[in-house]
Amino acid sequence: MADRKAELERKKAKLEAIRKERQRKEEEKRQREEEAAKKELKASTEKPIEDRLSEADKLLKDLGIGDAPPPTQDGTASKSDPTNKEAADEQTPAVTTDKITTKRKEISLTIAHQVTQTSIPPRELVCYEKETQTSTELADKEGIAGYLSNAVQHHAHSHTLNTTDFSVCGTSHRDFDSSRGGSPAFSFGSPRFFSNYLEWDDEFRAAALTYGVRGGDEDTDSLEVVLDSALSHTKMPVVEMVQPAHTDEDDKKTEATVVELSEEEKQQIMITEDYKKFLDRTSRLMERALTQDVDIFVDYTGDLSDDGDHGFGEKLKLQRVFYDEHWTKHRHVTCMDWSKQYQELLLASYNANTELPHEPDGVCLVWNSMFKKDSPEYIFHCQSAVTSCCFAAFHPNLYIGGTYSGQVVLWDNRSSKRMPVQRTPLSASAHTHPIYCASVVGTENAHNLITISTDGKVCSWSLDMLSQPQDSMILTATNKNKLPVAALSMSFLSGDVNNFLIGGEDGAVSSACRHGSKAGVTNSLDGHNGPVTGIDTHCVQGAVDFSHLYLTSSFDWTVKLWSTRNDHELYTFKDGTEYMMDVRWSPIHPALFACVDGSGKLSLWNLNNDTEVPTTSTVPDMQAALNKCKWHGNGSQLAAGGNNGKIYLYDVSEKLANPKLDEWNKFAHNLLEMQSESADLDMSGVGAPLR
């Protein structure tokens, strides 16, 4: 377990180092980009204005646009002379007109009635102006109005554009139509005029033609003529692509986009506590749903059998077996307890696995009898074999275990860990010997955990603090030996939190109390010739009080009936020659009890029917012995645990489990008969078997 924790810590450290290295590299990259941007900006701002002006003049010369007109012959033109300035303004258009006229003669346009396809290398569409460079894309973004205002500023004269109808299309031709009165014939892909302030050749010289360039696609062979402005006086329409309608389904598709996580991100999510809790909860729910079994053949009329038993069926019916291949194989069931809050939950403890020593020595499993699934609801373990267990009666989330090492451990199903959340110390103030007896007694507002170890030490604990016991004492037998009571079983009297009974390893049956002037063992009886494996007090409320009765089982093959009012057994039950491992009263029937033995037999005795032989018996597995048995609170189910790690859950027939109204009076009468029979045996000297 320590190696796994260390490995997880190493992996966490490695992931953290990778994350920090990635952040460092990103920060360095961002700093380098910022420094490069600063250097470029600095270099552009430090460039002298003279160099930038000379570059602009050079570009204008390459386009055929001359410099400013030379001064007059008399050389009297100056900025301070308004007359000369007006003269210069008059001369400037003339010079420009001459140049434009000269260039116009070089270009001859003819109207083609048939479009000829050609492959001309495309070039970037760029518009040049005085001191600035503006592309067609920028003109489109800024709008027609901005472009027209720039054209007016840079051209002091205006010319009338000769209206000519023409159409150029990349895939088909359109005949010339002269009857339209100067309006260009427009279709999708037709040329667009962006300025009526430019001469025809000015528009073409200002990068009016593009070849095979549509939306950045340079692979097409089509020819497209694009002019930079629409005729303002005609308000000609511009054909644009219309975006599809935006619907709610598009939003849903956008929201449902799945984000693919990296392996590192997945691992980080999987190690979080929230993910583990979610997976544990959902997997348990899915397992319950998949294993849900409903009997569709149930007959509510009660006619289920052909023997006229009116639906009571067999007396013991095996409902299911609790077994886990990993956690219960090669282990013995040492103790069982049913929950009072969630009555479908069964807590079972197991000893060490001798075949797999690397597995945890102690295991506690919580089984669910409502859903027929193969895995337990909760799995808990500790470093020592668990010899006893019980639910915390007033804390449904807590589970208590007594271990072979003498520690008392406490598990909490709200914790993601399977190890105990609390444990008692291994010190002289607590237990240092195996704990086979543990029980929570008291009320919701005042309750304690009582534990007894094989050295005779009794400790009273508060579940809020297990660091030290609230009270402790040593139980010493009152018989000849005067030795500490090596307790193997314990049971409190019905409705009593002070007085309890103990079954010892030496075969003695002792009564004791926790408080008062006679605290400790008050009486010891030599009841059995072997260790007392089980003891249980009568707890059924009814017309007659039987709370003074209790049963004991032992290795001497017998089950005995006792009364706290007498110093000897009332009756001895014997059926076979096997160790009797445990005995339990029914929680609802006054005369019914169950016992298990080393041969693997589960027996039910109804003392109102017969005291010589059991009412019914069953053997779930011929190859396994049964160690423990425990009635469900409703009295209709009985669990039996074996040394093969399996727990057999039986349904007890309604006829056998549920008492009739006269069962209490009948049992009182039979009890008197059993006492007189036992007295006759004692007087004759026969005595109880093996006494």
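First, a word on scope: everything that follows refers to the structure included in this document. None of the values given here were measured: they were computed from a predicted structure.

**Quick notes on the environment of Ala 625**
1) Next: Following the sequence through the fold, Ala 625 ends up in the loop between strand E29 (616–618) and strand E30 (626–631).
2) Next: The class of Ala 625 is buried, set by a relative accessible area of 13%.
3) Next: When the C-alpha positions of Ala 625 and Glu 578 are compared, they lie 10.0 Å apart, and in sequence the two are 47 residues distant.
4) Next: Each residue touching Ala 625, except ones within four places of it in the same chain, is listed here: Asp 597, Gly 598, Gly 600, Gly 641, Gly 642 and Asn 643.

**Details of the pairing of strand E10 (residues 386–391)**
1) Next: Here E10 lies mainly inside the structure; six of its six residues are buried.
2) Next: Relative to strand E11 (residues 398–403), E10 runs antiparallel, the two being bridged by five bridges. Opposite Phe 391, over in E11, you have Tyr 399 as the bridge partner.
3) Next: From the end of E10 to the start of E11, which pair antiparallel, there are six residues.

**Observations concerning the nonpolar core**
A general feature of soluble globular proteins is that nonpolar side chains tend to end up buried together.
1) Next: Leu 561, Phe 573, Phe 593 and Leu 607 are the most contacted members of the largest nonpolar core, which totals 21 residues.
2) Next: Counting residues per element, the ones that place at least two in this core are strand E23 (549–554), strand E24 (558–563), strand E25 (571–574), strand E26 (580–585), strand E27 (592–597) and helix H11 (663–684).
3) Next: Judged by nonpolar contacts, the second largest core, of 17 residues, contains Leu 316, Trp 631, Tyr 648 and Tyr 650.

**Focus: the pattern of salt bridges**
1) Next: One pass over the structure, following the stated rule, counts 15 salt bridges.
2) Next: Notably, a salt bridge pairs Arg 30 with Glu 34, separated by 2.7 Å at the nearest N-O pair. Here Arg 30 and its partner Glu 34 are both found in helix H1 (residues 2–46), four residues apart, which amounts to about one turn of the helix.
3) Next: With relative accessibility at 38%, the residue Arg 30 sits in the partly exposed group.
4) Next: Here Asp 575 and Lys 601 are joined by a salt bridge, their closest N and O atoms 2.8 Å apart. Taken together, the residues Asp 575 in the loop between E25 and E26 and Lys 601 in the loop between E27 and strand E28 (602–606) connect sequence positions 26 residues apart.

**Re helix H2 (residues 49–62)**
1) Next: Between its first and last C-alpha atoms H2 spans 20 Å; for 14 residues at 1.5 Å apiece the expected length is 20 Å, and the two agree.
2) Next: Looking at the residues trailing H2, positive phi occurs at Gly 64, about 90°.

**Quick look at helix H9 (residues 273–291)**
1) Next: The first and last C-alpha atoms of H9 sit 27 Å apart over 19 residues, in line with the 27 Å expected at 1.5 Å per residue.
2) Next: Here H9 has its buried residues at Arg 284, Arg 288 and Thr 291. An end-on view of H9 places all buried positions within 85° of arc, on one side of the element. Those residues of H9 that are exposed and angled more than 90 degrees off the buried face are Asp 274, Phe 278, Met 286, Ala 289 and Leu 290.
3) Next: Next to the buried residues of H9 lie strand E8 (362–368) and strand E9 (378–382).

**A short note on the environment of Asn 448**
1) Next: Here Asn 448 shows up in strand E15 (residues 447–453).
2) Next: Sequence spacing of Asn 448 and Val 497 is 49 residues, and the spatial spacing of their C-alpha atoms is 9.4 Å.
3) Next: With residues near it in sequence (within four places) discarded, Asn 448 still touches Ser 439, Val 440, Val 441, Ser 460, Trp 461, Gln 470 and Arg 514.
4) Next: A distance of 3.5 Å separates a polar side-chain atom of Asn 448 from the backbone oxygen of Trp 461.

**So, the environment of Asp 610**
1) Next: The topology assignment puts Asp 610 in the loop between E28 and E29.
2) Next: At 2.8 Å, the side chain of Asp 610 and the backbone nitrogen of Glu 612 are in polar contact.

**Topic: the sheet that holds E27**
Two strands in a sheet stick together by hydrogen bonds in their backbones, pointing the same way (parallel) or opposite ways (antiparallel).
1) Next: The sheet built from four strands is open, its strands ordered E26-E27-E28-E29 with antiparallel pairing. Each having just a single partner strand, E26 and E29 make up the two edges of the open sheet. Going from strand to strand, the sheet's axes swing by 15° on average, the running direction of each strand aside.
2) Next: Alignment of E27 against E28, held across five bridges, turns out to be antiparallel. By the bridge assignment, Val 596 is partnered in E28 with Leu 602.

**Considering the state of the cysteines**
Note on terminology: disulfide describes a covalent bond linking the sulfur atoms of two cysteines.
1) Next: The final tally for this structure, using the stated rule, is zero disulfides.
2) Next: The structure places no disulfide on Cys 382, whose sulfur is separated from the nearest cysteine sulfur, that of Cys 364, by 7.4 Å.
3) Next: Residue class for Cys 382 comes out buried when judged on its relative accessible area of 3%.
4) Next: With no disulfide of its own, Cys 389 lies 4.1 Å from the sulfur of Cys 335, the closest cysteine sulfur.

**So, the sheet that holds E11**
1) Next: Strand order across the open sheet formed by four strands is E10-E11-E12-E13, with antiparallel pairing between neighbours. The open sheet is flanked by E10 and strand E13 (422–423), the only strands paired with a single partner.
2) Next: Alignment of strand E12 (residues 408–412) against E13, held across two bridges, turns out to be antiparallel. Considered in E13, the bridge of Leu 410 is made with Gln 422.

**Quick notes on the side chain of Asn 353**
1) Next: Residue placement: Asn 353 occurs in the loop between strand E7 (345–350) and E8.
2) Next: Its relative accessible area of 6% is what places Asn 353 among the buried residues.
3) Next: A distance of 3.3 Å separates a polar side-chain atom of Asn 353 from the backbone oxygen of Lys 329.
4) Next: Here the side chain of Asn 353 touches Leu 356 through a polar contact of 3.4 Å, landing on its backbone nitrogen.
5) Next: Sequence-distant contacts of Asn 353, defined by excluding residues within four places in its chain, comprise Lys 329, His 330 and Arg 331.

**So, unusual backbone geometry**
1) Next: The phi dihedral of His 330 falls on the positive side, at around 65°, and the residue is not glycine.
2) Next: Positionally, His 330 belongs in the loop between strand E5 (316–322) and strand E6 (333–338).
3) Next: The partly exposed category is assigned to His 330, whose relative accessible area is 39%.
4) Next: Residue Trp 557 is not a glycine yet carries a positive backbone phi of 75°.
5) Next: With respect to the secondary-structure elements, Trp 557 resides in the loop between E23 and E24.
6) Next: Take Trp 557: its relative accessible area is 28%, and that puts it in the partly exposed class.

**Brief notes about a negative patch on the surface**
1) Next: On the surface, Asp 610, Glu 612, Glu 673 and Glu 677 cluster together to form a negatively charged patch.
2) Next: For Glu 673, the location among the structural elements is in helix H11.
3) Next: Owing to a relative accessible area of 43%, Glu 673 belongs among the partly exposed residues under this scheme.

**Focus on the packing of aromatic side chains**
1) Next: Across all of its chains, the model carries 15 aromatic pairs by this definition.
2) Next: Geometrically, the ring pair formed by Phe 380 and Trp 411 is stacked, given 5.8 Å between the ring centres and 20° between the ring planes. Separated by 31 residues along the polypeptide, Phe 380 in strand E9 and Trp 411 in strand E12 bring together distant segments of the chain. Both residues of the pair, Phe 380 and Trp 411, count as buried.
3) Next: Taken together, the ring pairs in this structure connect Phe 546, Tyr 571, Phe 573, Trp 585, Phe 593, Trp 605 and Phe 667 into an aromatic cluster.
4) Next: Taking NZ or CZ as reference, Lys 646 lies 5.3 Å from the ring centre of Tyr 323, over its face.

Reading guide: rules and limits
- Residues numbered from 1 in each chain as written.
- Predicted model: local features only at pLDDT ≥ 70, side-chain atom pairs only at ≥ 80, totals over all residues.
- Heavy atoms only, no water.
- Helix = DSSP H or I, 4+ residues; strand = E, 2+ residues; numbered from the N terminus.
- Buried < 20%, exposed > 50% of the residue type's maximum accessible area, 1.4 Å probe, protein only.
- Contact = heavy atoms within 4.5 Å.
- Pairing = 2+ DSSP bridges.
- Core = buried A, V, L, I, M, F, W, Y, C linked by side-chain atoms within 4.5 Å.
- Salt bridge = Lys/Arg side-chain N within 4 Å of Asp/Glu carboxyl O.
- Expected span 1.5 Å × (residues − 1).
- Arc of directions from axis to C-beta.
- Polar contact = N/O pair within 3.5 Å; in protein donor to acceptor, adjacent residues only side chain to side chain.
- Axes fitted to C-alpha atoms, helices over the stretch in contact; angles between N-to-C directions.
- Disulfide = S-S within 2.5 Å.
- Patch = residues over 30% accessible without salt bridge, like charges linked within 9 Å, V, L, I, M, F, W, Y side chains within 5 Å.
- Areas by Shrake-Rupley, 256 points an atom, 1.4 Å probe, with all protein chains shown as cover.
- Lys, Arg positive; Asp, Glu negative; His and termini not counted.
- Charge placed at Lys NZ, Arg CZ, Asp CG, Glu CD.
- Phe/Tyr/Trp six-rings, centres within 6.5 Å; stacked < 30°, edge-to-face > 60°.
- Lys NZ or Arg CZ within 6 Å of the ring centre and 35° of its normal.

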